[in-house]
Amino acid sequence: MKECLICSAPLKLIKFKCADGHVCKGCYEKVSLNFTQTIKNKTQAELLEIIAAPEEEAPAETFEITRKINQFIFFDDKHQKICLPNHKKYTKEALKPEVYPFSVILSCQLVEEQTEQVVKKKKQQLGSIKVVLTLQEETREIWLIPNFINRDSMAYKTMRSLANNIVAEVNQLKEGVAC
Ligand SMILES: [Zn+2]
């Protein structure tokens with residue numbers, strides 16, 4: 001199968017021709033400067049140069065929240081980006097907000113850890129919850145329940161359903177990205 005000249009993704013039906021071959025939709029969006037330029041006569045080297053050029057605006061300035069799930073994750077559907085606000089409550093370390101394009105998201109999973117504890121001679125099922133985002137070059141964690149709490153509690157159930165929402169919404173993004 002043919003590969004995108006820029007990101008090496010296998011090319012499906014949607015591909016765009018340049019002087020040296022084809023690029024995928026995600027890369028085409030970048031090298032065509034959001035579909036404003038044609039690339040037909042451009043070489044691979046010229047396209048790579050366009051990709052390498054610094055963005056005109058800082059990511060934080062171009063981020064518009066179009067959807068969000070509490071303070072866990074923000075979505076910018078217009079610019080195809082997510083933002084992890086990294087609210088101190090939901091990270092295990094002090095982090096600044098981070099912005100990532102939809103295209104670098106590889107997967108998103110709910111991870112629950114479980115343990116048992118005897119409290120007043122009764123066994124209790126405890127659990128912790130995090131959402132793990134696997135990106136092209138790193139992994140990010142959103143901790144919804146960082147410290148073990150009773151799995152039957154309302155807080156636990158609420159957080160688990162929020163975590164499921166995050167996973168569903170993030171995984172849905174990937175289907176919209178062709179690259
Ligand atoms: Zn590509």
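Quick note: structure is the one above.
Figured I'd write up the structure that's included with this text. None of these values were measured; they are calculated from a predicted model.

Right, let's talk about the coordination of the zinc ion for a bit. Looking at the zinc ion, the protein donor atoms are Cys4 (SG), Cys7 (SG), Cys24 (SG) and Cys27 (SG), and they sit 2.2 to 2.4 Å from it. Between consecutive donors of the zinc ion, the numbers of intervening residues give the motif C-x2-C-x16-C-x2-C. In this pair, Cys7 sits in the segment before strand S1 (16–18) while Cys27 sits in helix H1 (residues 25–31), placing the two residues 20 residues apart along the sequence. Judged by its relative accessible area of 33%, Cys7 is partly exposed.

Taken in spatial order, the four strands make up an open sheet running S3-S4-S5-S6, and their pairing is antiparallel. Strand pairing shows two members of the sheet lacking a second neighbour, strand S3 (67–69) and strand S6 (98–101), which therefore form its edges. Mean inter-strand twist for the sheet, computed between neighbouring axes without regard to direction, equals 20°. Bridge count between S3 and strand S4 (residues 73–76): three bridges; the pairing is antiparallel. Along S4, the bridge assignment pairs Ile69 with Ile73.

Calculation notes
- Residues numbered from 1 in each chain as written.
- Predicted model: local features only at pLDDT ≥ 70, side-chain atom pairs only at ≥ 80, totals over all residues.
- Heavy atoms only, no water.
- Donors = N, O, S within 2.8 Å, 3.2 Å for Na, K, Ca; no water.
- Helix = DSSP H or I, 4+ residues; strand = E, 2+ residues; numbered from the N terminus.
- Buried < 20%, exposed > 50% of the residue type's maximum accessible area, 1.4 Å probe, protein only.
- Pairing = 2+ DSSP bridges.
- Axes fitted to C-alpha atoms, helices over the stretch in contact; angles between N-to-C directions.

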